[in-house]
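Structure assessment
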Amino acid sequence: MGIWLNQSSIDGFILLGIFSHSQTDVVLFSVVMVVFTVALCGNVLLIFLIYIDPRLHTPMYFFLSQLSLMDLMLVCNIMPKMAVNFLSGRKSISFVGCGIQIVLFVSLVGSEGLLLGLMAYDRYVAISHPLHYPVLISQRVCLQIAGSSWAFGILDGIIQMVAAMSLPYCGSRNVDHFFCEVPALLKLACTDTTLFDTLLFACCVLMLLLPFSIIVASYAHILRAVLHMRSAQARKKALATCSSHLTAVSLFYGAAMFIYLRPRRYRAPSHDKVVSIFYTVLTPMLNPLIYSLRNRDVMEAL
């Protein structure tokens, strides 16, 4: 705690951001703010619909409401501070504020990755074992899946935040990012971070590849079940129920793996910032659109 107090007595950090005040960047900033507003409204509306409409009180929509809640918290954790810094020109963030951004960001991204993985298992049971679905995916199982996703994500977030905030920062305070992200922060530490870098990489591999392996295994079984279906209409319906989830998975894991599973020598801050915009605001905007526009039940509820 003493380290934290000593660190926070210094003026925190400077977030260099992603936009300058050129005319082109002002337009791009405006576009990002529109995307943020759509993400905010879309996820709030989807959570509200799932809560009030009895037709949407099923395991799949319960998981979807949790996904929307994670997306909602993710955009609210990063975008308002980025907007305030850009409009005011201050670019600063306190030491405590930086720690809060880290723990929320890592927790939410980790939880969302795990939830998307476990949602693939839900789709597998629905298609391969439809008669046993109410038993295998009961209300208790739903709560366990959602609870474990949140718990592992939060644990990951706390570990990374405590480790990052305990390092000594005695040189430059300029974080080459638009929010406090651990890899960008580590570059400013005035100590050897090789061990922490290795642990961080291992943690990312575990939190990304474990749920991704569940997704691959589940969809391999789904594909086998679909190929054995005699009715073309049944095959089409089964694939339609999976298409929204597969689209969301592709968007999330494509961006996350590009950032966190590349060797350090191939990483460039400019690339990381652009891709971070993709999964901190664009994916949270697209998820409710993907699940609502391609889903008859949600459209009817709307």
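Summary of the structure given here. (Residues numbered from 1 in each chain as written. Predicted model: local features only at pLDDT ≥ 70, side-chain atom pairs only at ≥ 80, totals over all residues. Heavy atoms only, no water.)

Attention now moves to the layout of surface pockets. The space that makes up the largest pocket amounts to roughly 790 Å³. Forming the walls of the largest pocket are 23 residues, and the residues nearest its centre are M60, R123, K237, T241 and D297. Listed by contribution, the elements that provide at least two residues to the lining of the largest pocket are α3 (59-88), α4 (95-128), α9 (232-260) and α11 (296-301). Per-element accounting of the lining of the largest pocket gives the leading share, seven residues, to α9. Here the residues of the lining of the largest pocket are counted per class, giving twelve nonpolar, five polar and six charged. (1 Å grid on protein atoms, 1.4 Å probe; cavity = no way out; pocket = protein on both sides within 12 Å on 5 of 7 lines; lining within 4 Å. Points joined across faces, edges and corners; volume = space filled by probe spheres on them. Helix = DSSP H or I, 4+ residues; strand = E, 2+ residues; numbered from the N terminus. Nonpolar A, V, L, I, M, F, W, Y, C, P; charged D, E, K, R; others polar.)

What follows deals with the side chain of E181. With respect to the helices and strands, E181 occurs in the loop between β3 (174-175) and α7 (182-186). Residue classification places E181 among the buried positions, given a relative accessible area of 2%. Here E181 is in contact with F105, I259, Y260, S276 and Y279, once residues within four sequence places are set aside. (Buried < 20%, exposed > 50% of the residue type's maximum accessible area, 1.4 Å probe, protein only. Contact = heavy atoms within 4.5 Å.)

Let us look at the packing of aromatic side chains. Overall, the coordinates contain eleven aromatic pairs when judged by the stated rule. Centroid distance F29 to F86: 4.2 Å. Interplanar angle 25°. Geometry classified as stacked. With F29 in helix α2 (residues 23-52) and F86 in helix α3, this residue pair connects regions lying 57 residues apart in the sequence. Classification of F29 by relative accessible area gives buried; the value is 6%. Classification of F86 by relative accessible area gives buried; the value is 11%. On the basis of an interplanar angle of 80° and a centroid distance of 5.2 Å, the ring pair of F252 and Y253 is categorised as edge-to-face. A single burial state applies to F252 and to Y253, both of which are buried. By the ring-pair criterion, three or more aromatic residues cluster together here, those being F13, F95 and Y169. Positioned above the aromatic ring of F13, the side-chain terminus of R173 is 5.0 Å from the ring centre. (Phe/Tyr/Trp six-rings, centres within 6.5 Å; stacked < 30°, edge-to-face > 60°. Lys NZ or Arg CZ within 6 Å of the ring centre and 35° of its normal.)

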